[in-house]
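Secondary and tertiary structure notes
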Amino acid sequence: MRYWLFKSEPETFNIDDLAKRPNKTDHWDGVRNYQARNFMRDDIKKGDKGFIYQSSCKIPGITGIIEIVKPGYPDFTAWDPTSDHYDPDCSPDNPRWVMVDVRFVKKFNRVITLDEIKNNPVLENMVVAKRGNRLSITPVTEREWKTILKLA
DNA sequence: GCCAACGTTGGC
DNA sequence: GCCAACGTTGGC
């Protein structure tokens, strides 16, 4: 089992939104970056766990835990012209983009802030803490995972 | 295949 | 709102 970090803007989608969905489950759509897509297509498996990280907001940081309940399959929003993530080159025959289904596991009592991550010797090398990082899905090591759980 | 220009991300 | 960093695009 592997660990991941899923980034999103909280106004668009956050841990509370996920908790309100039927079965507390939703698809993680809209990823339009090849590296993140390849993680979902090749590496993210059912049963893997992930953190939800909120970006572009007042307090950037980790807000909770999710679990992968369905591994990579075509992101159908790619050929939906009404979607914000519409890609005119895509169709059901040429899906290109991938999504996974995630289920709510837990919301932390507080946000584990980016500032804390950067200042923690175990966490400072996390991809999300690197300057200029824009990757929306990143691997998390077991050591990083456990360290954050202890902080929460 | 190179690389400049451009658009987007995301912390501050 | 600013701007550095990055990924993508497109001319050559």
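Notes on the structure follow. (Residues numbered from 1 in each chain as written. Chains lettered and ligands numbered in written order. Predicted model: local features only at pLDDT ≥ 70, side-chain atom pairs only at ≥ 80, totals over all residues. Heavy atoms only, no water.)

Some details on the sheet that holds strand β2 (residues 25-28)
Selection rule: Whether two strands pair depends on DSSP finding at least two bridges between them. In DSSP terms, a helix is any run of H or I states spanning at least four residues, a strand is any run of E spanning at least two, and both are numbered starting from the N terminus. Interaxial angles span 0 to 180 degrees and are taken between N-to-C directions of axes, which are lines fitted to C-alpha atoms, for helices over the stretch in contact.
Ordered in space as β2-β5-β4-β3-β1-β6, the 6 strands form an open sheet in which the pairing is mixed. What marks the edges here is a single partner per strand, and that holds for β2 and β6 (137-140). Going across the sheet, the axis of each strand differs from the next one's by a mean of 40 degrees, ignoring polarity. Examined bridge by bridge, strand β3 (residues 49-54) and strand β4 (residues 61-74) share 6 bridges and lie antiparallel to one another. Residue pairing in the sheet places Lys49 in a bridge with Glu67 of β4.

A short note on the protein's contact with DNA strand C
Test applied: Only a single heavy atom is needed: when it lies within 4 Å of a molecule or strand, its residue is near that molecule or strand. Identification of polar contacts relies on pairs of N or O atoms within 3.5 Å, with a donor-acceptor requirement for protein atoms, meaning one able to donate a hydrogen and the other able to accept it, and with residues adjacent in sequence counted only if both atoms are side-chain atoms. The classification used treats Ala, Val, Leu, Ile, Met, Phe, Trp, Tyr, Cys and Pro as nonpolar, Asp, Glu, Lys and Arg as charged, and all other residues, Gly among them, as polar.
Near DNA strand C you find Tyr34, Arg131, Gly132 and Arg134, and these make up its full shell. Put simply, 70% of the atoms of DNA strand C that lie within 4 Å of the protein are in sugar or phosphate. At 3.0 Å from a sugar or linking oxygen of DNA strand C is found a side-chain nitrogen or oxygen belonging to Arg131. In terms of residue class, the surface near DNA strand C is made up of 1 nonpolar, 1 polar and 2 charged.

What about the layout of surface pockets?
Let me state the cut-off plainly: Think of a 1 Å grid over just the protein atoms. A cavity is a set of points where a 1.4 Å probe fits yet cannot get out, a pocket is an open set with protein on both sides within 12 Å along at least five of seven lines, and lining residues have an atom within 4 Å of a point. Grid points are joined across faces, edges and corners, and a volume is the space filled by probe spheres set on the points.
Space inside the largest pocket adds up to approximately 680 Å³. Lining the largest pocket are 23 residues, with Lys7, Ser8, Asp29, Gly30 and His85 sitting closest to its centre. Ranked by residue count, the leading element in the lining of the largest pocket is β2, at 3 residues. Looking at the lining of the largest pocket residue by residue, the class counts come to 4 nonpolar, 11 polar and 8 charged. In this structure, the second largest pocket spans a volume of roughly 150 Å³. Lining the second largest pocket are 13 residues, with Lys7, Tyr53, Leu114, Val128 and Asn133 positioned closest to its centre.

Things to note about the packing of aromatic side chains
Stated precisely, the cut-off is as follows: Two rings from Phe, Tyr or Trp (for Trp, the six-membered ring) form a pair when their centres are within 6.5 Å of each other. A pair whose planes differ by under 30 degrees is stacked, one over 60 is edge-to-face, and the rest are tilted. Each residue's exposure class comes from its accessible area (1.4 Å probe, protein chains only) as a fraction of the maximum for that residue type: buried when under 20%, exposed when over 50%, partly exposed otherwise. Here, a charge over a ring is recorded when the distance from Lys NZ or Arg CZ to the ring centre is within 6 Å and its angle to the ring normal is within 35 degrees.
A complete count under the given rule lists 7 aromatic pairs for this structure. Ring geometry for Trp4 versus Phe39: centroids 5.3 Å apart, planes at 55 degrees, classification tilted. Here Phe39 lies in helix α2 (residues 34-43) and Trp4 lies in strand β1 (residues 3-8), a separation of 35 residues in the sequence. Residue Trp4 shares its accessibility class with Phe39, and that shared class is buried. Between Phe51 and Trp145, the aromatic rings sit 4.0 Å apart at their centres with planes inclined by 20 degrees, giving stacked as the arrangement. Remark: Trp145 occurs in helix α4 (residues 142-151) and Phe51 occurs in strand β3; sequence separation between them is 94 residues. An identical accessibility class is assigned to Phe51 and Trp145; each is buried. Ring pairing ties together the aromatic residues Tyr3, Phe51, Phe108 and Trp145, which thus form one cluster. Positioned over the ring face of Tyr73 is Lys70, at 3.8 Å from the centre of the ring.

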